[in-house]
Amino acid sequence: MSKEQLEKVARALVAKGKGILAADESMGTIKRRFDSIHIESSEANRRAYRDMLFTTPGIEQAISGVILFDETLRTKANDGTAFPELLAKKGIMPGIKVDKGPVDIPSFPGEVVTEGLDGLRGRLKEYSELGAKFAKWRAVITIGDGIPTYTCLKANGHALARYAALCQEAGIVPIVEPEVLLDGNHSIERCQDVSEETLRITFAELAEQRVYLEGMVLKPSMVVSGKDNARQAGVEEVAERTLRCLRRAVPGAVPGIAFLSGGQSAVSATEHLNAMNKIGPHPWEVSFSYARALQDPALKAWKGEAANVGAAQKIFYHRAKMNSAARSGSYTSQLEAAS
Ligand code: 13P
């Protein structure tokens, strides 16, 4: 695939009014989500849940792409259509999570690096044949006493850049996700410093691996107060600090920034995105790639029962539309309440 085609896909992922649904929960993560509604993580339940989300009427108005897990990319919907094909028919691009998750870094207590580079070239070729247009790799950065270290940021940035280069070689747009966790009692100022350092190192590594910036999407965390910090910053402060950090560290050549929600409530994630887009214009599109903030209210309404599919889909559609409105800074509490 040419650079122009990579750029076309990257721009379509962050098209105006649209964002990405992350539905790529690993086996461990989906089990935790299903535990919360007291249902078993069986193959049938996982399929039924993803079917409920992906067949929601009108979702293509707000969703440009869906990130899938390996199993889901190979699963058929209730009507027998393979999930990637079902999405593509609606004009939604299928994507794939390709990392193998974080492991401890030896001699660096409390820090992890993401694995999954071995054999990645071959896996990307197969994913492309199965219809994946883009991919995701998540790095996890923890803030704590004396961490993150430079070694941790460098190791994760290097892996992200190696992954991104391999994706582009395979004609797949890489979503580069360095997540700074919101867990901890750190201040928002510290989160801002760590986020900026993380992004600077990540982009230095991307440059070193000759990653084509126009053909990628960045998926960062927002700059927020640590979950256990006594001072929880308000919506405006989160928006201003996040934008300041991004302006300093993210080249304007990148088409778009699609935030993760990271454990924020569904409404907070929408409010923060909206506040950032109110401040624009920005050098890049400012969009979303949420998992929990898009799915949680629908998951709770679904409860694993076929009879609840319609109600859960209405809730999912509403969340997607609220975030679509936040893409242009036109989200309001009236819109939220109108559901
Ligand atoms: P959350 O929006 O739930 O943080 O998930 C996004 C994601 O894809 C994590 O890798």
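Residues numbered from 1 in each chain as written. Predicted model: local features only at pLDDT ≥ 70, side-chain atom pairs only at ≥ 80, totals over all residues. Heavy atoms only, no water.

A. Quick peek at the overall build of the protein chain. Check the secondary structure of the protein chain and you find 13 helices and ten strands. Compactness check: the protein chain gives a C-alpha radius of gyration of 19 Å against a globular reference of 20 Å for 339 residues, within 12% of the reference. When its C-alpha atoms are laid out on the principal axes, the protein chain stretches across 50 × 45 × 40 Å. For the protein chain, the residues scored as buried account for 56% of the 339 residues in total. Sequence-distant contacts in the protein chain: of pairs separated by 6 or more residues, those separated by 24 or more amount to 78%. When the accessible surface of the protein chain is summed, it comes to about 13900 Å², and 51% of that surface belongs to carbon and sulfur atoms. The centroid of the 43 positive side-chain charges in the protein chain is displaced by 4 Å from the centroid of its 41 negative side-chain charges. (Helix = DSSP H or I, 4+ residues; strand = E, 2+ residues; numbered from the N terminus. Rg over C-alpha atoms; globule rule 2.2 N^0.38 Å. Buried < 20%, exposed > 50% of the residue type's maximum accessible area, 1.4 Å probe, protein only. Contact = heavy atoms within 4.5 Å. Areas by Shrake-Rupley, 256 points an atom, 1.4 Å probe, with all protein chains shown as cover. Lys, Arg positive; Asp, Glu negative; His and termini not counted. Charge placed at Lys NZ, Arg CZ, Asp CG, Glu CD.)

B. Highlighting the pairing of strand β6 (residues 134-141). Most of β6 is tucked away: seven of the eight residues are buried. Note: strand β3 (residues 93-97) against β6, three bridges, orientation parallel. In the strand pairing of β6, Ile 96 is matched with Ala 135. Across eight bridges, β6 lies against strand β7 (residues 173-180) in parallel orientation. What sits directly across from Trp 137, in β7, is Val 176. (Pairing = 2+ DSSP bridges.)

C. Looking closely at unusual backbone geometry. Here the residue pair Ile 147 and Pro 148 is connected by a cis peptide bond, since its omega of 10° sits within 30 degrees of zero. Here Gly 280 and Pro 281 are connected by a cis peptide whose omega angle stands at 10°. Secondary-structure assignment places Pro 281 in the loop between α10 (266-279) and β10 (285-290). You will see that His 38, though not glycine, has its phi angle at about 60°, which is positive. Structurally, His 38 can be placed in the loop between α2 (27-35) and α3 (43-54). Positive phi is not limited to glycine here, since Lys 303 has a value of about 55°. Position of Lys 303 relative to the elements: it lies in the loop between α11 (292-302) and α12 (309-326).

D. Main features of empty space enclosed by the protein. Throughout the structure, instances matching the rule amount to five cavities of 30 Å³ or more. A volume near 60 Å³ is recorded for the largest cavity. If you trace the largest cavity, you find it lined by Glu 179, Val 180, Leu 182, Cys 191, Ser 221, Met 222, Val 224, Leu 260, Ser 261, Gly 262 and Gln 264. Here the residues of the lining of the largest cavity sort into six nonpolar, four polar and one charged. Roughly 40 Å³ of internal volume is contained in the second largest cavity. Lining the second largest cavity are Glu 25, Ile 30, Arg 33, Phe 34, Tyr 49, Ala 291, Arg 292, Gln 295, Asp 296 and Leu 299. (1 Å grid on protein atoms, 1.4 Å probe; cavity = no way out; pocket = protein on both sides within 12 Å on 5 of 7 lines; lining within 4 Å. Points joined across faces, edges and corners; volume = space filled by probe spheres on them. Nonpolar A, V, L, I, M, F, W, Y, C, P; charged D, E, K, R; others polar.)

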